[in-house]
Amino acid sequence: CMWYICPQSVKKCTFYNEIVYISISRLYYDLFFQDNKFDEAIKTMLKVSNSKNELEQVVAYANLADAYLQKKDYNLSNFYLNKTKVIAESTKSKIDDAYYYQVKGRIFYRKQQNEEAIKNLLKSIKILENESNQDIMLGYNYYYLTSIQSRIRIYSEDYKRYSQKNIEYALKSKNLQLILL
């Protein structure tokens, strides 16, 4: 967290409190999503989507697109995917674009449209590898690429590289969920 931005004590810092709230909300979203409690996950991300931080809006809309896809509500999934794209394209941050491509790849992955999933995940990786502190996202992107290769039973050099990168970024991030995948 960037608590040093705020001159007042951390407890009174609106920026810090928003970051903590968003981080906790994203954790709840992940837990609800894993338990197939998509309505609860959606409620959590709708709250986050009200953030003034555009990156958090991108993440919230991306997660909403994924959650609605899981509920087989393709209209709302596309609606939130398009909102993700609009915000990502309007910002100067390349990370927003990486999140958009990552969720688009994840959606194609869930639809088993492997070529499109791979194309979008690789676009996300290309952006994220030039940014700092993106180990978790890189790990998940490589996880999905490894999973696609495994699902279509292609054990090539790509599969080997994706698997190695997945493990590398999972360990660098120290993200237990990613390490256990």
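Provided above is the structure to which this section pertains.
Computed from a predicted model, the values in this text were never measured in an experiment.

## Some details on the overall build of the protein chain
Assigned secondary structure in the protein chain consists of 9 helices and 0 strands. Starting at the N terminus and walking to the C terminus, you meet the elements of the protein chain as α-α-α-α-α-α-α-α-α. Within the protein chain, buried positions represent 44% of all 181 residues. Of all intrachain contacts in the protein chain linking residues separated by at least 6 positions in sequence, the fraction that spans at least 24 positions is 52%.

## Let's talk about the side chain of Ser77
Within the element layout of this structure, Ser77 appears in helix α4 (residues 74-90). Taking the relative accessible area as the measure of exposure, Ser77 reaches 2% and is therefore buried. If near-sequence neighbours (up to four positions away) are discounted, Ser77 is found in contact with Ala65, Tyr68, Leu69 and Ile107.

## Focus: the nonpolar core
Within soluble globular proteins, side chains that are nonpolar generally end up buried alongside one another. Counting 40 residues, the largest nonpolar core has Leu64, Tyr142 and Leu145 as the members making the most contacts within it. Once you skip the residues sitting within four places of it in the chain, Leu145 turns out to touch Ile118, Leu121, Leu122, Ile125 and Tyr162.

## Some remarks on the side chain of Thr44
Inspection of the secondary structure assignment puts Thr44 in helix α2 (residues 38-48). One polar contact links the side chain of Thr44 to the main-chain carbonyl oxygen of Glu40, over a distance of 3.0 Å.

## Some details on the environment of Glu115
Along the chain, Glu115 turns up in helix α6 (residues 114-128). The class of Glu115 is exposed, set by a relative accessible area of 71%. On a C-alpha basis, the gap between Glu115 and Gly105 in space is 9.4 Å, while along the polypeptide they are 10 residues apart.

Rules behind the numbers
Residues numbered from 1 in each chain as written. Predicted model: local features only at pLDDT ≥ 70, side-chain atom pairs only at ≥ 80, totals over all residues. Heavy atoms only, no water. Helix = DSSP H or I, 4+ residues; strand = E, 2+ residues; numbered from the N terminus. Buried < 20%, exposed > 50% of the residue type's maximum accessible area, 1.4 Å probe, protein only. Contact = heavy atoms within 4.5 Å. Core = buried A, V, L, I, M, F, W, Y, C linked by side-chain atoms within 4.5 Å. Polar contact = N/O pair within 3.5 Å; in protein donor to acceptor, adjacent residues only side chain to side chain.

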